[in-house]
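# Analysis of the macromolecular model
Spelled out from the first residue to the last, the chains are:
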Amino acid sequence: MPATPVDETPVDTVTEVPVAVVGAGPAGLMLAHLLGRAGVPSVAVDLRTRREIETTHRAGILEADVARDLVETGVGDRILREGHEHTGTELRVAGRPHRIDFRELAGASVWLYPQTEVFKDLADARERDGGTVHFGVRDTEVLDVGTTAPRVRFTAADGTRHELRARCVVGADGSRSTCRDLVPERHRTRHGAEYPFAWFGVMAQAPSSAAELVYAHSAHGFALISQRTEAVQRMYFQCAPDERVEDWPDARIWATLQARVAGEDGFRLTEGPILERTVLRFRSFVQEPMRWGSLLLAGDAAHTVPPTGARGLNLALHDVKVLAGVLVRALGPEGEPALDDYQPAALRRVWRAQHFSTWMTRLLHTPPGATPFELRRQLGELDCVVGTRAGRAYLAEQYTGWPSADR
Ligand code: PHB
């Protein structure tokens, strides 16, 4: 008898497909894209509509290797036209600017190109290449992942019922993944950490204030000055996790941001109307194993990081690159044993990114209730980072990703 009752009501269509992908955000779509290029068909489903995914703002920094993969596999030519290569970033500590020169310190750079645009490019590429993606589905059930014949049942946006019969199911269903719950409790471990602060994120209609991103540590708390287009800027400042956006009129937002970046060099942000405001809570999370039977977890479904340092998307795209290679092998003559290679190849980078994101978050935020000792120690640590070549090189190497030979 099955452990859980299974809904076997008839469906309108049954489709046999090697890989079913649950989650059609950037990780799920990039996986489908890479599989498609290798001749492996897949079907992806997502609860959200395409429009919902396109309008949910996320980070905007791509590692150069990730940008190159997108360009080389035919989804990234817009990155080259509309993205911006950044060869460094600024850390402002107590109002003093320190440039971290990625190129000189790590021989690397990053690309400013928003995640929403990566998603649009991937969704367009799936359409162009004839890939099947169902957005706006409901009642998704993932069944039989403990066997070699897993299934995904769902109701499409038009109300019709479908079943996918796959060889593997990939859970790329984001930080609130339900796929990861399919790994039985006694076989999984969940690691995590919470933070006593959040980010207040704003989109402002104003020209950029700086050529590169500015990460500011100040007695008033953390701020990040990022960019979107010539006319729209993305900015964040540390706030309480229960902060209410209604309490933040434009003038209060600008006064807070200006105070956090102010310094002896007279740096000021160019102000303009605030177009959007959101409180972003975050945490660190990893679930192991990343594979259970025929189920493989990728991206935020398996691990989330705090947004400082913009590792999340980069990490997710690294997962699916490894996973695509493993799936192609597993579906070919090598068979199922090839699936064993996924977790070891993905997990090392996952923990590196967990460490870096946590480290950079703790380095730059002022924890509420911190003792004077802790605040002075933090300034000492910042001095070790910006004031020594080894410290700057460490930041530059982690921020830009890790060299391929080191993966
Ligand atoms: C962003 O542009 O949204 C962004 C950039 C860098 C970060 C986090 C977010 O570390």
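Scoring rules and cut-offs
Residues numbered from 1 in each chain as written. Predicted model: local features only at pLDDT ≥ 70, side-chain atom pairs only at ≥ 80, totals over all residues. Heavy atoms only, no water. Helix = DSSP H or I, 4+ residues; strand = E, 2+ residues; numbered from the N terminus. Rg over C-alpha atoms; globule rule 2.2 N^0.38 Å. Buried < 20%, exposed > 50% of the residue type's maximum accessible area, 1.4 Å probe, protein only. Contact = heavy atoms within 4.5 Å. Areas by Shrake-Rupley, 256 points an atom, 1.4 Å probe, with all protein chains shown as cover. Lys, Arg positive; Asp, Glu negative; His and termini not counted. Charge placed at Lys NZ, Arg CZ, Asp CG, Glu CD. Pairing = 2+ DSSP bridges. Axes fitted to C-alpha atoms, helices over the stretch in contact; angles between N-to-C directions. Domains from an automatic or database assignment. Buried area = accessible area lost by both parts, 1.4 Å probe. Salt bridge = Lys/Arg side-chain N within 4 Å of Asp/Glu carboxyl O. Nonpolar A, V, L, I, M, F, W, Y, C, P; charged D, E, K, R; others polar. Phe/Tyr/Trp six-rings, centres within 6.5 Å; stacked < 30°, edge-to-face > 60°. Lys NZ or Arg CZ within 6 Å of the ring centre and 35° of its normal.

A few words on the overall build of the chain. Along the backbone of the chain there are eleven helices and 23 strands. Relative to the compact-globule value of 22 Å for 407 residues, the chain shows a C-alpha radius of gyration of 22 Å, a close match. Considering only C-alpha atoms, the chain reaches an extent of 70 × 45 × 40 Å along its principal axes. Relative to its full complement of 407 residues, the chain shows a buried share of 54%. In the chain, 72% of the contacts between residues at least 6 apart in sequence involve partners at least 24 apart. In the form shown here, the chain has an accessible surface area of approximately 17600 Å², with 53% of it arising from carbon and sulfur atoms. Separation of charge centres in the chain, based on 48 positive and 54 negative side chains, amounts to 2 Å.

So, about the sheet that holds strand β8 (residues 110–112). Judged by pairing direction, the sheet is antiparallel, and its three strands sit side by side in the order β4-β8-β5 without closing on themselves. Strand pairing shows two members of the sheet lacking a second neighbour, β4 (61–63) and β5 (84–86), which therefore form its edges. The mean angle between the axes of side-by-side strands here comes to 35°, regardless of whether they run parallel or antiparallel. Inspection of the sheet shows β5 paired to β8 by three bridges, in the antiparallel sense. Bridge pairing in β8 places His84 opposite Leu112. Of the strands in this sheet, β4 and β8 are in contact with helix α3 (residues 64–72), which crosses β4 at around 85°.

We now examine the pairing of strand β20 (residues 283–288). Pairing of strand β14 (residues 189–194) with β20, which is carried by six bridges, proceeds in the antiparallel orientation. Note on β20: the bridge partner recorded for Gly192 is Phe285. Examined bridge by bridge, β20 and strand β23 (residues 303–304) share two bridges and lie antiparallel to one another. Bridging from a neighbouring strand, Val286 pairs with His303 of β23.

Moving on, we come to the domain arrangement of the chain. Along its sequence, the chain is organised into domain 1 (13–60 + 114–194 + 283–365) and domain 2 (198–280). Measuring from the centre of the C-alpha atoms in domain 1 to the corresponding centre in domain 2 gives 32 Å. Counting from both sides, the interface comprises twelve residues of domain 1 and, opposite them, eleven residues of domain 2. For the pair domain 1 and domain 2, the two sides together bury roughly 970 Å², of which 63% comes from carbon and sulfur. The tally of links between domain 1 and domain 2 comes to zero salt bridges. Grouping the constituent residues of the side of domain 1 that touches domain 2 by class yields six nonpolar, five polar and one charged.

Let's shift gears to the pattern of salt bridges. Tallied over the entire structure, the rule returns 39 salt bridges. Ionic pairing is found between Arg99 and Asp101, a salt bridge with its closest N-O pair at 3.2 Å. Ionic contacts of the salt-bridge type, sharing partners, join the residues Glu141, Asp144, Arg151, Arg153, Arg161, Glu163 and Arg165 into one network.

Time to look at the packing of aromatic side chains. Where two aromatic rings form a pair, the distance of their centres and the angle of their planes describe that pair. Under the criterion given, the structure shown has 15 aromatic pairs. The interplanar angle of 75° and the centroid separation of 6.0 Å between the aromatic rings of Phe119 and Phe135 together place this pair among those described as edge-to-face. Of this pair, Phe119 sits in helix α6 (residues 115–128) while Phe135 sits in the loop between β9 (132–134) and β10 (138–143), and the two are 16 residues apart along the sequence. Note on Phe119: relative accessible area 1%, which makes it buried. With a centroid separation of 5.3 Å and an interplanar angle of 50°, the aromatic rings of Phe200 and Trp248 are classed as tilted. Of this pair, Phe200 sits in strand β15 (residues 198–205) while Trp248 sits in the loop between β18 (232–239) and α7 (250–261), placing them 48 residues apart in sequence. Just above the ring of Trp248 sits the side chain of Arg252; from NZ or CZ to the centre is 3.6 Å.

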